[in-house]
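A look at the structure
What follows is each chain in one-letter form.
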Amino acid sequence: MASSNEQRRRQLAREKYERQATRRAEAHKHRKQRNAIVGAALAVVVVAAGGAWAGGVFDSSDKGKNNSPQAAPDKTAPAAQVKGCNPPAAGTPNGKQWQTEPAMSVDTKAAYTATLDTSCGPVTVSLDAAKAPHTVNSFAFLAGEQYFDHVKCHRLTTEGIYVLQCGDPTGTGSGGPGYKFPDENLTGATYPAGTLAMANAGPGTNGSQFFLVYKDTQLPPNYTPFGKITGGLDVLQNIAGGGVQGGGGDGAPVADVVLNKVAVAKG
């Protein structure tokens, strides 16, 4: 029969284990809540070039399988199996880097339209330069530099939040253009289907990663909304219908979604 000292040691060990298990369960719950949605993400979302750009609910620091855009897929389905998807155009991201945010050049009183020519179909977005001038300016600048061309959309979330995250030329969820800029348009921000918003790693850490909302999503107002999808919502829904590699609710999409070209036009 075990001595009282031995029983006490076992009790202490059991209590320690239970405390650790509780902490792990709580940490997992918090990660799931963050991801369920960028960091950069999506995302969306994340550290400057070589760091994480998909922070918050898009945080690329969550390393769990199917809980990160870096999770290795178990099975890769051909893009042709996903409705509307085709092989991407030939080419690779240029991966350019800049030390500072581009100078402001957008007209805050003008209308701007972004066209995302994806390997799964075109998506058009009306950009809100009045409410998010720095964000639209950066997006237009990067598009003009062909920064987004041939970039893979690396993260799809289909449980709790409903977004496709893109804009990282490394395809890992940790890449960016080398500069950061402030958040905008957060007061009262919501994320209904059709929203274009920035992924980030916390306040003032926007870079190049963004997410497209294909179904009404509940998120805290921490991610700069800067556009509304005007065409191609069905493209995103088809991509979402293809699911996530490995069968989870968050990770690389089965569809080989690549931004063949992104362009921004005034007027």
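Thresholds, definitions, all that
- Residues numbered from 1 in each chain as written.
- Predicted model: local features only at pLDDT ≥ 70, side-chain atom pairs only at ≥ 80, totals over all residues.
- Heavy atoms only, no water.
- Disulfide = S-S within 2.5 Å.
- Helix = DSSP H or I, 4+ residues; strand = E, 2+ residues; numbered from the N terminus.
- Pairing = 2+ DSSP bridges.
- Contact = heavy atoms within 4.5 Å.
- Axes fitted to C-alpha atoms, helices over the stretch in contact; angles between N-to-C directions.
- Core = buried A, V, L, I, M, F, W, Y, C linked by side-chain atoms within 4.5 Å.
- Buried < 20%, exposed > 50% of the residue type's maximum accessible area, 1.4 Å probe, protein only.
- Salt bridge = Lys/Arg side-chain N within 4 Å of Asp/Glu carboxyl O.

Structural notes on the state of the cysteines
- Applying the stated rule across the entire model yields two disulfides.
- A disulfide bridge connects C85 with C120, and the sulfur atoms are separated by 2.0 Å. Looking down the S-S bond of the C85 and C120 bridge, the torsion is 105 degrees, so its handedness is right-handed. You can see C85 sitting in the loop between α1 (4-35) and β1 (112-118) and its partner C120 sitting in the loop between β1 and β2 (121-127), a full 35 residues away along the chain.

Looking at the sheet that holds β2
- With antiparallel pairing, 10 strands are arranged side by side in an open sheet as β3-β10-β1-β2-β8-β6-β7-β5-β4-β9. At either margin of the open sheet sits one strand with a lone partner, and together these are β3 (151-152) and β9 (250-251).
- As paired elements, β1 and β2 share seven bridges and run antiparallel to each other. Paired with T113 across the bridge in β2 is S126.
- In the packing of helix α2 (residues 133-144) onto the sheet, the strands contacted are β1, β2, β6 (195-198), β7 (210-213), β8 (225-231) and β10 (258-266), and the crossing angle to β10 comes to about 120 degrees.

Considering the nonpolar core
- L116, L127, F148, F210 and F226 are the most contacted members of the largest nonpolar core, which has 43 residues in total.
- With 10 residues, the next largest nonpolar core counts I161, V163, A199 and F211 among its residues.

Thoughts on the pattern of salt bridges
- The full count for this structure, using the stated rule, is five salt bridges.
- Its salt-bridge partner being D250, residue R155 comes within 2.8 Å of it at the nearest N-O pair. Remark: D250 occurs in strand β9 and R155 occurs in strand β4 (residues 155-157); sequence separation between them is 95 residues. Each member of the pair, R155 together with D250, is buried.

Notes on unusual backbone geometry
- At Q146, a position not held by glycine, the phi torsion is positive, near 55 degrees.
- Mapping Q146 onto the fold places it in the loop between α2 and β3.
- One non-glycine residue with positive phi stands out, namely H150, at about 70 degrees.
- Among the residues examined, H150 registers a relative accessible area of 22% and is labelled partly exposed.

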